[in-house]
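# Understanding the architecture of this molecule
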Amino acid sequence: MWAWFYLPNRLPRAYRDWIKSAAQVDERLIEALRRVRHGDFVYGEDTGQAPLLQSKSALLYFVLRLAQQYPRGRHPLVCLAFMAKAP
C-alpha cells in the first residue's frame, strides 16, 4: 500500500488499477498524503495547501463542524472521514 500511495508508477498498471478500484479512496486524500510526505502540507502551518481538502470538508459537514472547534480553522487530518466516498 505504501507504494500505491507514494510511488504508484513503480507498480504494474493492472495491480495499481485493481487497488484503486477496490479502495475507492478520494483522490484528494491521496494527493494530501503525498504532499505531507514531501513536506508541502504541514499540520498546524499555513502552507497554502488548505484548498485541496476544503472542498472535501464542505462535502462532509461533520468534519467541517469539528474544524470549527480548533483555533484558526486548523484541525487534525481525519483520514477515515476523507476515505468515505462522496462526490
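Higher on the page you've got the structure.
Below you will find a few notes about this structure. All values derive from a computational prediction rather than experimental measurement.

### Some thoughts on the overall build of the protein chain
Secondary structure assignment for the protein chain yields 6 helices and 0 strands. For the protein chain, the α and β elements follow one another from N to C terminus as α-α-α-α-α-α. The buried share of the protein chain, taken over its 87 residues, is 28%. Put simply, of all contacts in the protein chain between residues at least 6 apart along the chain, 49% involve residues at least 24 apart. If you sum the accessible surface of the protein chain, you get close to 6,100 Å²; carbon and sulfur atoms cover 57% of it.

### Description of unusual backbone geometry
Backbone geometry at Gln24 places phi at a positive 50 degrees, although glycine is not the residue there. Looking at the secondary structure, you find Gln24 in the loop between helix 2 (13-23) and helix 3 (27-37). According to the relative accessible area criterion, Gln24 is partly exposed, its value standing at 44%.

### Observations regarding the nonpolar core
Within the largest apolar cluster, 8 residues are counted, these being Trp4, Phe5, Leu11, Ile19, Val25, Leu29, Ile30 and Leu33. Among the secondary structure elements, those contributing two or more residues to this core are helix 1 (2-6) and helix 3. In this structure Trp4 touches Leu11, Arg16, Ile19, Lys20, Ala23, Val25, Ile30 and Arg34, once residues within four positions along its chain are discounted.

### Examining the pattern of salt bridges
Counting across every chain of the model gives 4 salt bridges. Here Arg28 and Asp26 are joined by a salt bridge, their closest N and O atoms 2.8 Å apart.

### What about the side chain of Arg16?
Mapping Arg16 onto the fold places it in helix 2. Asp17 provides the closest opposite charge to the buried, salt-bridge-free Arg16, at an N-O distance of 4.4 Å. At a separation of 3.1 Å, a polar atom in the side chain of Arg16 contacts the main-chain carbonyl oxygen of Pro8. Every residue in contact with Arg16, bar those within four places of it in the chain, is listed here: Trp4, Pro8, Asn9 and Leu11.

About the criteria used
- Within each chain, residue numbers correspond to sequence positions counted from 1 in written order.
- Where local features are concerned, this predicted model is filtered to residues with pLDDT of at least 70; where side-chain atom pairs are given and counted, the filter is 80 or more; whole-chain, interface and lining totals use all residues.
- To obtain the side-chain values, all non-hydrogen atoms of the structure were used and water was disregarded.
- By the criteria applied, helices consist of DSSP H or I runs no shorter than four residues and strands consist of E runs no shorter than two, each listed in order from the N terminus.
- Think of it in three bands: residues with accessible area under 20% of the maximum for their type are buried, residues over 50% are exposed, and the middle band is partly exposed, with areas taken using a 1.4 Å probe on protein chains only.
- Residues count as neighbours in contact if any of their non-hydrogen atoms are within 4.5 Å of one another.
- Only the protein chains shown count as covering a residue, and every accessible area follows the Shrake-Rupley method with a 1.4 Å probe.
- We call a set of buried Ala, Val, Leu, Ile, Met, Phe, Trp, Tyr and Cys residues a nonpolar core when their side-chain atoms join them within 4.5 Å.
- The rule for a salt bridge is simple: a side-chain nitrogen of Lys or Arg has to be within 4 Å of a carboxyl oxygen of Asp or Glu.
- Charge assignment: positive for Lys and Arg, negative for Asp and Glu; neither His nor the chain ends contribute.
- Each polar contact in these results corresponds to two N or O atoms within 3.5 Å; when the atoms are within protein, one needs to be able to donate a hydrogen and the other to accept it, and residues that are neighboring in sequence are counted only if both atoms are side-chain atoms.

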